[in-house]
Amino acid sequence: MALVCVEDFEEKASSQLEKSTLDYYKSGAGEQFSLKLNREAFRRLRLRPRCLRDVSQPDISCQILGQQQKWPVGIAPTAMQKMAHPDGEIGNARAAGKAGSIFILSTLSTTSLEDLAAGAPDTHKWFQLYIYKDRSLTKKLVHRAEKANFKALVLTIDAPIFGHRRSDVRNKFSLPSHLSLANFQGEQANGVVTMGGSGINEYVVNQFDPSITWKDINWLKQLTSLPIIVKGVLTAEDAVLAREFGCAGIIVSNHGARQIDTVPASIEALPEVVKAVGKDLLVMLDGGIMQGNDIFKALALGAKTVFIGRPAVYGLAYNGERGVEELLSVLRKDFEITMALIGCQKLKDIQSNMVVHESFYSKI
Ligand SMILES: Cc1cc2nc3c(=O)[nH]c(=O)nc-3n(C[C@H](O)[C@H](O)[C@H](O)COP(=O)(O)O)c2cc1C
């Protein structure tokens, strides 16, 4: 049977992956309230379509950081993609490139950033970074990313420590021994990174720096001329700080609800961020995007582009690079249909009053 929506890919992946791997990809923090909310909050928004508005010449291309993109959907950084399929990060990135999507490589990838750059040369790539206790390790990663032609650094700011994912603890989740966190391979030899069989949690506990503050953005800025995007903003206050510290953009995100539970869905947090900084800063979003109308809602509320995390992993698990290609094509088609049926030919035709909260209709 043809796979016609992201849920179909999720179902396929769920039947193919080992339990502890699936749990790792699927799970959120705590009792997973925000995980469900990330999707449900989109359902609380209603579309107000407009009719008779010539949609015969659709064009969903956009410009992000001065770069032309085919459509406003990219791939969010997710760790350890070779657990999903041997094609891993290269397969995911190649599929993104073919679809004209930005690909963000996780620092915690099972493919080194150099191999990724060589394997997906035609893809527009950003590199996701954490600031590690060992600043020279961080510095090296930044310079490697520059050299490998990544176009932006995505600094994840919502992870001073690792969130508590119950299933990972129950499953004693760790990276299978035939895979490694490829960006740190050389470091392992020097004993800087202690991976062994001890699992990702121990690795992260050892290297993540809970003392980092906004001032570290200044340190990062003097290392690189790449634009710095902060990922994990959920409040107007942090959005204003991101602007003050000279960031080039923000990804409104709750990290796929994997860090702290009962935070708002990303789409719920988006309006206050857009109100605070949307006029002069690039605002993007990830979290819970499953279909075309989710993309539309995020754009109508002020995001310039969105990213998908788990859906791409499900495509990868289902059928490697081809699976991600298929998934992106299903999502693109769905977004094109949404655009046409709501009366928008170009992204600039999207108006904020085309999306309202369900309470708008509660008097009926
Ligand atoms: C399995 C998995 C691994 C992730 N790894 C990272 C990571 O290494 N770095 C990071 O900044 N975000 C990471 N994220 C968060 C994603 O970048 C993104 O914020 C989230 O997946 C978006 O939500 P969605 O999965 O509903 O699309 C991860 C998410 C998942 C599901």
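Residues numbered from 1 in each chain as written. Predicted model: local features only at pLDDT ≥ 70, side-chain atom pairs only at ≥ 80, totals over all residues. Heavy atoms only, no water.

**Student:** Help me understand the nonpolar core in this model?
**Tutor:** Proteins that are soluble and globular tend to have nonpolar side chains buried together. With 117 residues, the main nonpolar core has Trp126, Ile250, Leu285 and Phe296 as its most contacted residues. Sorting elements by how many residues they give to this core places helix H14 (residues 310-342) first, with 13 residues. In this view, isoleucine 250 contacts Ile229, Val230, Val233, Ala239, Ala242, Val273, Val277, Leu281, Leu282, Val283 and Met284; residues no more than four positions away in its chain are not counted. (Core = buried A, V, L, I, M, F, W, Y, C linked by side-chain atoms within 4.5 Å. Buried < 20%, exposed > 50% of the residue type's maximum accessible area, 1.4 Å probe, protein only. Helix = DSSP H or I, 4+ residues; strand = E, 2+ residues; numbered from the N terminus. Contact = heavy atoms within 4.5 Å.)

**Student:** How should I be thinking about the UniProt feature "active site" (unreviewed entry) in the protein in this particular structure?
**Tutor:** What UniProt calls "active site" (unreviewed entry) maps, in this numbering, to His255. With respect to the helices and strands, histidine 255 occurs in the loop between strand E9 (249-252) and helix H12 (266-277). Excluding residues that lie within four positions of it along the chain, histidine 255 makes contacts with Tyr130, Thr156, Asp158, Ala159 and Lys231. Here the side chain of histidine 255 touches aspartate 158 through a polar contact of 2.8 Å, side chain to side chain. (UniProt positions renumbered as here; feature names shortened; annotations may be inferred. Polar contact = N/O pair within 3.5 Å; in protein donor to acceptor, adjacent residues only side chain to side chain.)

**Student:** Hey, could you run me through the site of the ligand in this one?
**Tutor:** Surveying the vicinity of the ligand reveals 22 residues, the closest of which are Pro77, Ser106, Thr156, Asp286 and Gly309. Taking tyrosine 130, its side chain carries an N or O atom lying 3.1 Å from a nitrogen atom of the ligand. One of the side-chain N or O atoms of lysine 231 is found 2.9 Å from a nitrogen atom in the ligand. Out of a free accessible area of 600 Å², the ligand has 97% covered by protein chains. Tallied by class, residues from the shell around the ligand come to eight nonpolar, 10 polar and four charged. (Near = heavy atom within 4 Å. Areas by Shrake-Rupley, 256 points an atom, 1.4 Å probe, with all protein chains shown as cover. Nonpolar A, V, L, I, M, F, W, Y, C, P; charged D, E, K, R; others polar.)

**Student:** Can you help me understand the packing of aromatic side chains in this one?
**Tutor:** A ring pair, where both rings are aromatic, is described by two values, the distance of the centres and the angle of the planes. Summed over the entire model, instances satisfying the criterion amount to 12 aromatic pairs. Consider the rings of tyrosine 24 and tyrosine 25, whose centres lie 5.6 Å apart with planes at 55 degrees: the pair is tilted. An identical accessibility class is assigned to tyrosine 24 and tyrosine 25; each is buried. An aromatic cluster of at least three residues, connected via ring pairs, comprises Tyr130, Tyr132, Phe162, Phe184 and Phe208. (Phe/Tyr/Trp six-rings, centres within 6.5 Å; stacked < 30°, edge-to-face > 60°.)

**Student:** Any chance you could explain the UniProt feature "binding site: FMN" (unreviewed entry) in the protein here in plain terms?
**Tutor:** Here the UniProt feature "binding site: FMN" (unreviewed entry) sits at Pro77, Thr78, Ala79, Ser106, Gln128, Tyr130, Thr156, Lys231, Ser253, Arg258, Gly309 and Arg310. Structurally, lysine 231 is set in strand E8 (residues 228-233). Residues contacting lysine 231, with those up to four places away along its chain left out, are Pro77, Val154, Leu155, Thr156, Ile157, Asp158, Ile251, Ser253, His255 and Asp286. For arginine 310, the position within the fold is in helix H14. In this view, arginine 310 contacts Tyr25, Lys26, Ser27, Leu35, Gly256 and Arg258; residues no more than four positions away in its chain are not counted.

**Student:** How should the pattern of salt bridges be read in this particular structure?
**Tutor:** A pair can form between side chains of opposite charge whenever their charged atoms are brought close. Applying the stated criterion to the full structure yields 17 salt bridges. Counted as one network, the salt bridges with shared partners bring together Arg94, Lys98, Glu321 and Glu325. (Salt bridge = Lys/Arg side-chain N within 4 Å of Asp/Glu carboxyl O.)

**Student:** I keep staring at the state of the cysteines and nothing clicks. Help me out?
**Tutor:** Simply put, the disulfide is a covalent bond whose two ends are the sulfur atoms of two cysteines. Counted by the stated rule, this structure contains zero disulfides. Free of any disulfide, cysteine 51 has its nearest neighbouring cysteine sulfur in cysteine 344, separated by 11 Å. For cysteine 51, a relative accessible area of 61% gives the class exposed. (Disulfide = S-S within 2.5 Å.)

**Student:** Any chance you could explain the pairing of E8 here in plain terms?
**Tutor:** Sheet faces and side chains relate simply in a regular strand, where the side chains alternate between the two faces. For E8, the tally of buried residues reaches six of six residues, placing the bulk of the element in the interior. Summarising the sheet, strand E7 (residues 153-156) and E8 pair through four bridges and their orientation is parallel. The partner of leucine 155 across the bridge, within E8, is valine 230. In this fold, the crossover linking E8 to E9 by way of helix H11 (residues 236-244) has right-handed handedness. (Pairing = 2+ DSSP bridges. Right-handed = clockwise from strand over helix to strand, strands pointing away.)

**Student:** Before we go on, may I ask you to explain helix H4 (residues 88-99) in this structure?
**Tutor:** Helical periodicity: at 3.6 residues per turn, an α-helix aligns residues three or four positions apart in one direction. Across its 12 residues, H4 extends 17 Å between first and last C-alpha, which sits within 8% of the 16 Å expected from 1.5 Å per residue. Of the positions making up H4, those classed as buried are Gly88, Glu89, Gly91, Asn92, Ala93, Ala95, Ala96 and Ala99. Those residues of H4 that are buried are in contact with strand E4 (73-75), strand E5 (103-105), helix H5 (113-119) and H14. Immediately beyond the C-terminal end of H4, within one or two residues, lies glycine 100, with a positive phi of roughly 75 degrees. (Expected span 1.5 Å × (residues − 1).)

**Student:** How should unusual backbone geometry be read in this particular structure?
**Tutor:** Backbone geometry follows two general trends: most residues other than glycine have a negative phi, and most peptide bonds adopt the trans configuration. Despite not being glycine, leucine 52 has its phi angle at roughly 50 degrees, a positive value. Looking at where leucine 52 falls in the secondary structure, it is placed in the loop between strand E1 (45-47) and strand E2 (62-64). Unlike most non-glycine residues, alanine 257 shows phi in positive territory, near 60 degrees. Along the chain, alanine 257 turns up in the loop between E9 and H12. Alanine 257 gets classed as buried once you look at its relative accessible area, which sits at 0%.

**Student:** Would you mind going over helix H2 (residues 19-26) with me for this structure?
**Tutor:** Taken together, the buried positions of H2 are occupied by Thr21, Leu22, Asp23, Tyr24 and Tyr25. On its buried face, H2 sits against helix H1 (6-16), helix H7 (166-170) and H14.

**Student:** Please explain the side chain of threonine 138 as it appears in this structure.
**Tutor:** For threonine 138, the position within the fold is in helix H6 (residues 135-147). If we skip the residues at most four places from it in the chain, threonine 138 touches Leu129, Tyr130, Ile131, Tyr132 and Trp219.

**Student:** What am I meant to see in the packing of H11 against H12 here?
**Tutor:** Helix-helix packing is described using two parameters, namely the angle between the two axes and the distance between the axes. For the pair H11 and H12, the least separation of the axes is 8 Å and the interaxial angle reads 40 degrees. When the interaxial angle is binned, H11 and H12 end up oblique. When the axes of H11 and H12 are compared, the crossing they make is right-handed. Across the interface between the two elements, Ala236, Glu237, Ala239, Val240 and Arg243 of H11 pack against Glu272, Val273, Ala276 and Val277 of H12. Split into classes, the residues belonging to the contact of H11 with H12 amount to six nonpolar, no polar and three charged. (Axes fitted to C-alpha atoms, helices over the stretch in contact; angles between N-to-C directions. Parallel < 35°, antiparallel > 145°, perpendicular 65-115°, else oblique. Left-handed = near helix turned anticlockwise from the far one by under 90°.)

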